[in-house]
Amino acid sequence: MTGSLTIAGLGPGDEALVTPEVSAALASATDILGYAPYVERVPARDGLTMHPSDNRMELQRAALALRLASEGRHVIVVSSGDPGVFAMASAVFEALEASPQWQGLPIRVLPGVTAMLAAAARAGAPLGHDFCAMNLSDNLKPWPTIEKRLRLAAEADFAIAMYNPRSASRPEGFGRALEILREAGCGERLVIFAHAVSTPKEQIQMVTLHEARSEMADMRTLVIVGNSATRRVGRWVYAPRHAR
């Protein structure tokens, strides 16, 4: 097979946060596939074909990428942030598992700066001790699973980074997540709302969980709930490296 498939992370938004490795791969690609707003971040040029698609077409997108690569194309599937964090890398390997005829293709996964890490850097060091990351969308998992994991993360005293907190189609879920954390005794914990981090529309808010409201988040917001030891130092927030 003369083609190749690369799964690449474009970072959180700022072009300066795209890694040199990803930039080099984009420069030699023949085809770019991804959710339309992410494909739009790649500059058009002669010899490059764009294949934008809807955000719920992950498996179809992955299957097309595999087919194009098998035909000799140099294909890149793009995600925002890191492709392995709630993004396209898993979808590509799921499609590959169902298509053994393409398992000999050269495939690379190129990491990117996640929204979680970019948001944490803006705030200080809220992920300086043990933490977990959760996707609050129930498109691919049942809501009771999300509730269970939130309760267990609170019980374990993890800092929690929450992706996709609140969309127009499911505005009630994030409010329920905040209630669950309050019921678990986390009301005094610090919460960071990082909207459109590293873009011109970036907004960072820091409040306690008691003060947090569901309307403070949308799908472009990354929410970090600190652990019980997370504290402020001036305008910064950090988690001490030692555990009690």
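Below: a short report on this structure. No experiment lies behind these values; they were computed from the predicted model shown.

### What to know about the pattern of salt bridges
Line of reasoning, step 1. Per the counting criterion, the structure on display carries 8 salt bridges.
Line of reasoning, step 2. Between E202 and R122 there is a salt bridge; the shortest N-O distance is 2.9 Å. You can see E202 sitting in the loop between β9 (190–195) and β10 (203–208) and its partner R122 sitting in helix α5 (residues 115–123), a full 80 residues away along the chain.
Line of reasoning, step 3. In this structure E202 comes out as partly exposed when scored by relative accessible area, which is 25%.
Line of reasoning, step 4. Take R122: its relative accessible area is 37%, and that puts it in the partly exposed class.
Line of reasoning, step 5. Among the ionic pairs, R189 bridges to D157, the shortest N-O distance being 3.0 Å. Highlighted residues: R189 in the loop between α7 (172–183) and β9 and D157 in the loop between α6 (143–155) and β8 (159–163), separated in sequence by 32 residues.
Line of reasoning, step 6. By relative accessible area, R189 is classed as buried at 8%.
Line of reasoning, step 7. The structure contains a network of salt bridges with shared partners spanning E147, R151, R176, E179 and E183.

### Some words on the sheet that holds strand β1 (residues 4–9)
Line of reasoning, step 1. What the 5 strands build is an open sheet, ordered β3-β2-β4-β1-β5; its pairing is parallel. Two strands in the sheet have a free side with no partner beyond their single neighbour: β3 (49–53) and β5 (107–110). This sheet shows a mean twist of 15° between the axes of neighbouring strands, independent of strand direction.
Line of reasoning, step 2. Pairing of β1 with β5, which is carried by 4 bridges, proceeds in the parallel orientation.

### Examining the side chain of T114
Line of reasoning, step 1. With respect to the element layout, T114 can be found in the loop between β5 and α5.
Line of reasoning, step 2. For T114, a relative accessible area of 6% translates into the label buried.
Line of reasoning, step 3. Not counting chain neighbours up to four residues away, the residues in contact with T114 comprise G81, D82, V85 and Y163.

Criteria and cut-off values
- Residues numbered from 1 in each chain as written.
- Predicted model: local features only at pLDDT ≥ 70, side-chain atom pairs only at ≥ 80, totals over all residues.
- Heavy atoms only, no water.
- Salt bridge = Lys/Arg side-chain N within 4 Å of Asp/Glu carboxyl O.
- Helix = DSSP H or I, 4+ residues; strand = E, 2+ residues; numbered from the N terminus.
- Buried < 20%, exposed > 50% of the residue type's maximum accessible area, 1.4 Å probe, protein only.
- Pairing = 2+ DSSP bridges.
- Axes fitted to C-alpha atoms, helices over the stretch in contact; angles between N-to-C directions.
- Contact = heavy atoms within 4.5 Å.

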